[in-house]
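# Architecture at a glance
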Amino acid sequence: MTGESATILPTPLLRPGERRISLIAILASAFASTATFAMSTPLLSMRLEAQGVSGSIIGLNTAVEAAAILFFTLATPTLARRLGAANALYLGVAIMTAAIALLPIWNSIEGWFVLRFVMGAGIAIHWVIGEVWLNTVADDATRGRVVGLYVTTMSAAYCLGFPVLMITGTEGYLPFYLITGTVAASALPLIFARRLIPSLPSEPAAHYATLLRRQPILMAAAVLNGVLINSVLAFFPIFSDRMGVGERAGFGMLFAVALGNVLLQLPIGIMADRHDGRDGRKLLILLAVASAGGFLLLPLVLGSLAAWPLLTIWGGSFGGLYTVGLAMVGRRFGPGDLAAANALFAFTYETGTLVGPVLVGASLDFWNPYGFLAAGGGACLLFLLIALTRRV
């Protein structure tokens, strides 16, 4: 399809077989690209540390990629309209592949700042258009479970990245070859399903600010999800170690959190379809309450067997904010606004991933070690205040 098409492909025109092919292509491509991100982020941090680069510079190098994602999420709908959604998807994969392949060649801190910014651009393009496509494939009766399956796939890919690096190690060219091949492979399902990739409207029906005013709770849920996921990944091992659990057990518990994100997204999506298809606000509030409860109960159960099921449910709960929120984007916005709304949802999520660790880290320094709990629980309470005082 070309960028000249005036409307998004309406889902009723897709036959059941075409829906299945589209969904398989979306999930396969998302799995490969997410596995790439999961492997590259710790790999680059470890390589920089081995070169004697300071922690602050490593952090800035990681933030450059996130900043590029922030910028290009909002620019992607315009790019896709000009190039066509399929061509923009291929461009995103090509950008990611080229940037990763050049990392061991342009092996300097200056080069890696440039290449990680370029990587972020490719990730944003692939991410936004992939989720627009996902929302056109799903109908309202199954949207929650389709999005739940999508988030489950990405979570599983993320969990897979760490064991792969344990096998390949972080030295030499092998991990870079593997990551380059993985991200390049994400283009194959897109090529297979090329004729089913939807085109975008010639112009969005509403501006980003208008979309935000129309659905503030939805976008706040994306921010909260970004805050919690990145903060827990960054600081839970530190918190658990300072609580006397130990570093090894802390990483094991972090895996339990990730496992909950894998196991519970499909059930949450089904729940959204069956019980809360029209008013996802109630389900978002329930998930935020469960997330806040996890922060409250953690110090009481940490170090006991009760911690493991709590962590699994807790991880699934704040991960479910993204599942329900993305499904609601598809329900609340029509074809003319869907691409821009998806981009705004991704932008607000990524804002949370940037802001969250900064606030939680400062809170941890101020009130050691309970600042982690206070900041995370406070973020949940702020969302609940917004959700309970405003209507979606």
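Above this text you will find the structure in question.
Here the structure is a predicted model, which is why all the values come from computation and not from measurement.

As a further point, take a nonpolar patch on the surface. Taken together, the side chains of Trp106, Val114 and Val118 present a nonpolar region at the surface, about 240 Å² in accessible area. With respect to the helices and strands, valine 114 occurs in helix α4 (residues 109-137).

Under the definition given, this model contains five salt bridges. Here arginine 116 ties to glutamate 65 by a salt bridge, and the two come within 3.0 Å at their closest N and O atoms. Linking arginine 116 in helix α4 with glutamate 65 in helix α2 (residues 55-83), this pair joins segments that are 51 residues apart in sequence. Across the pair, glutamate 65 and arginine 116 agree in class, each one buried. The shortest N-O distance in the salt bridge between arginine 214 and aspartate 337 comes to 3.3 Å. With arginine 214 in helix α8 (residues 208-214) and aspartate 337 in helix α14 (residues 335-366), this residue pair connects regions lying 123 residues apart in the sequence. Residue classification places aspartate 337 among the buried positions, given a relative accessible area of 8%.

This part is about the nonpolar core. Core analysis: the largest hydrophobic core is formed by 115 residues, its most contacted members being Trp133, Tyr150, Phe236, Trp314 and Phe372. When residues in this core are grouped by element, the largest group, 14 residues, is from helix α9 (residues 216-242). Discounting chain neighbours no more than four positions away, the residues touching tryptophan 314 are Val232, Phe236, Val257, Ala290, Ser291, Gly294, Phe295, Leu298 and Phe372.

Bringing the packing of α4 against helix α13 (residues 307-332) into the picture now. Following both chains from N to C, one finds α4 and α13 inclined at 65°, their axes separated by 9 Å at the closest point. With respect to each other, α4 and α13 are oriented roughly perpendicular. Judged by the twist between their axes, the crossing of α4 over α13 is right-handed. On the side of α4, the interface is formed by Trp127, Glu131, Leu134 and Asn135, while α13 contributes Tyr322, Leu326, Ala327, Val329 and Gly330. Per-class residue counts for the contact of α4 with α13 are six nonpolar, two polar and one charged.

We now examine unusual backbone geometry. The linkage connecting asparagine 368 with the following residue, proline 369, adopts the cis geometry, with an omega of -5°. Examined against the element boundaries, proline 369 turns out to sit in the loop between α14 and α15 (371-389).

What follows is about the packing of aromatic side chains. If you walk through the whole model with that rule in mind, you get 15 aromatic pairs. Their ring planes at 20° and their centres at 6.0 Å tell us that tyrosine 173 and tyrosine 177 sit as a pair that is stacked. Look at tyrosine 173 and you get partly exposed, because its relative accessible area is 45%. With centroids separated by 5.7 Å and ring planes inclined at 45°, the aromatic side chains of tryptophan 367 and tyrosine 370 adopt a geometry described as tilted. Taken together, the ring pairs in this structure connect Phe236, Phe239, Phe295, Trp314, Phe318 and Phe372 into an aromatic cluster.

Cut-off values and rules
- Residues numbered from 1 in each chain as written.
- Predicted model: local features only at pLDDT ≥ 70, side-chain atom pairs only at ≥ 80, totals over all residues.
- Heavy atoms only, no water.
- Patch = residues over 30% accessible without salt bridge, like charges linked within 9 Å, V, L, I, M, F, W, Y side chains within 5 Å.
- Areas by Shrake-Rupley, 256 points an atom, 1.4 Å probe, with all protein chains shown as cover.
- Salt bridge = Lys/Arg side-chain N within 4 Å of Asp/Glu carboxyl O.
- Helix = DSSP H or I, 4+ residues; strand = E, 2+ residues; numbered from the N terminus.
- Buried < 20%, exposed > 50% of the residue type's maximum accessible area, 1.4 Å probe, protein only.
- Core = buried A, V, L, I, M, F, W, Y, C linked by side-chain atoms within 4.5 Å.
- Contact = heavy atoms within 4.5 Å.
- Axes fitted to C-alpha atoms, helices over the stretch in contact; angles between N-to-C directions.
- Parallel < 35°, antiparallel > 145°, perpendicular 65-115°, else oblique.
- Left-handed = near helix turned anticlockwise from the far one by under 90°.
- Nonpolar A, V, L, I, M, F, W, Y, C, P; charged D, E, K, R; others polar.
- Phe/Tyr/Trp six-rings, centres within 6.5 Å; stacked < 30°, edge-to-face > 60°.

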